[in-house]
Amino acid sequence: MLDGKTIAITRSKDDAAEFISLSEQNHAKPLPLPTIELVSKGEKIVDEFLESVEKYNPDYSVFMSSKAVKLLFDTAKRVDKLDKLQLAVANTIVMSVGPKTTIALENEGIKVNLQPTTFSSVGVGEEFTQINAVGKKVIVPRSGASTPFLKELLNKIGIDVLEIHLYDVCAFRDTTQWNEFRELFSQNKVDGVVFTSASSVRGFFEIMSKDYDDDKLLENLAKLSVVSIGPFTSDELKKFNVKNIVSQVHTVAGAFDAMKNTLTA
């Protein structure tokens with residue numbers, strides 16, 4: 001049990017429901033921190049996706065987050081093109097990066113054909129290697145802040161990749177929800193922070209550097225346990241000179257387990 005431990009996660013309260021539940025079950029105090037917000041590229045994203053599918057004629061479509069699914073389909077509903085979008089996606093072999101994204105797709109009436117066992121870009125690469133998709137074409141609707149890693153990985157396997165950027169990412173603008181965290185952090189009363197993406201690392205530092213100089217911020221972070229949800233998040237933390245433990249299972253539950261193991265060791 002994590003009796004009385006205070007653990008923050010770089011997600012909004014809505015997105016941190018699983019983490020909050022796990023924390024409460026273990027008698028820890030969860031602090032959700034909305035770190036990034038998505039800025040949609042507008043209604044044109046649906047037409048751009050549909051036109052790309054028509055011209056490019058992909059064999060596979062790969063969805064890397066439930067947010068990308070929700071944004072694309074919600075926008076299609078708004079512009080009355082849901083049927084066209086469902087048909088365009090259904091005409092491809094659909095791969096989802098993990099369970100949350102699979103559920104989001106199924107909620108939109110899309111059958112998911114493939115889901116890797118490792119819920120990450122590396123897992124997607126492994127899945128494509130196993131099904132021997134050399135020479136095939138893949139379309140990936142995703143964030144404009146994504147790293148080129150997935151595209152480069154699939155290109156090396158011999159797969160042609162087209163990425164459609166649905167939204168950009170910026171640091172969360174209304175930081176009033178951070179007030180409790182700031183106060184506890186300055187008193188060294190936060191026991192751990194879970195970082196859930198590379199962009200959330202950048203957002204965290206952008207938000208916190210308004211109240212702390214770099215040395216003080218790093219000094220306080222060094223006193224608590226830092227867990228990254230996966231290798232890309234870990235690499236981003238290293239750029240800021242933050243030591244961290246990488247979760248072996250790249251999910252919120254996996255990251256929580258890594259934090260629990262660290263704090264109870």
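Keep in mind the model is a prediction, meaning the values are calculated, not measured. (Residues numbered from 1 in each chain as written. Predicted model: local features only at pLDDT ≥ 70, side-chain atom pairs only at ≥ 80, totals over all residues. Heavy atoms only, no water.)

Here the focus is the UniProt feature "domain: Tetrapyrrole biosynthesis uroporphyrinogen III synthase" (unreviewed entry) in the protein chain. On the UniProt side, "domain: Tetrapyrrole biosynthesis uroporphyrinogen III synthase" (unreviewed entry) is annotated at positions that read residues 21–256 here. Secondary structure over residues 21–256 splits into 46% helix and 19% strand, and the C-alpha atoms at its two ends are 11 Å apart. (UniProt positions renumbered as here; feature names shortened; annotations may be inferred. Helix = DSSP H or I, 4+ residues; strand = E, 2+ residues; numbered from the N terminus.)

Let us now look at helix 4 (residues 82–90). When we look at burial in helix 4, the residues that qualify are L85, A88 and V89. Down the axis of helix 4, the smallest arc covering the buried residues is 95 degrees, so these residues share one side. The exposed residues of helix 4 that point more than 90 degrees off its buried face are D83, L87 and A90. The secondary structure elements touched by the buried residues of helix 4 are helix 2 (44–56), strand 4 (60–63), helix 3 (66–78) and strand 5 (93–96). (Buried < 20%, exposed > 50% of the residue type's maximum accessible area, 1.4 Å probe, protein only. Arc of directions from axis to C-beta. Contact = heavy atoms within 4.5 Å.)

Scanning the entire structure with this criterion turns up 16 salt bridges. K70 is the salt-bridge partner of D74, the closest N and O atoms lying 2.7 Å from each other. Residue D74 and its partner K70 are located together in helix 3, separated by four residues, close to a single helical turn. Classification of D74 by relative accessible area gives partly exposed; the value is 27%. Here K223 ties to E219 by a salt bridge, and the two come within 3.7 Å at their closest N and O atoms. The exposure class of E219 is partly exposed, given its relative accessible area of 40%. Ionic contacts of the salt-bridge type, sharing partners, join the residues K70, D74, K77 and E108 into one network. (Salt bridge = Lys/Arg side-chain N within 4 Å of Asp/Glu carboxyl O.)

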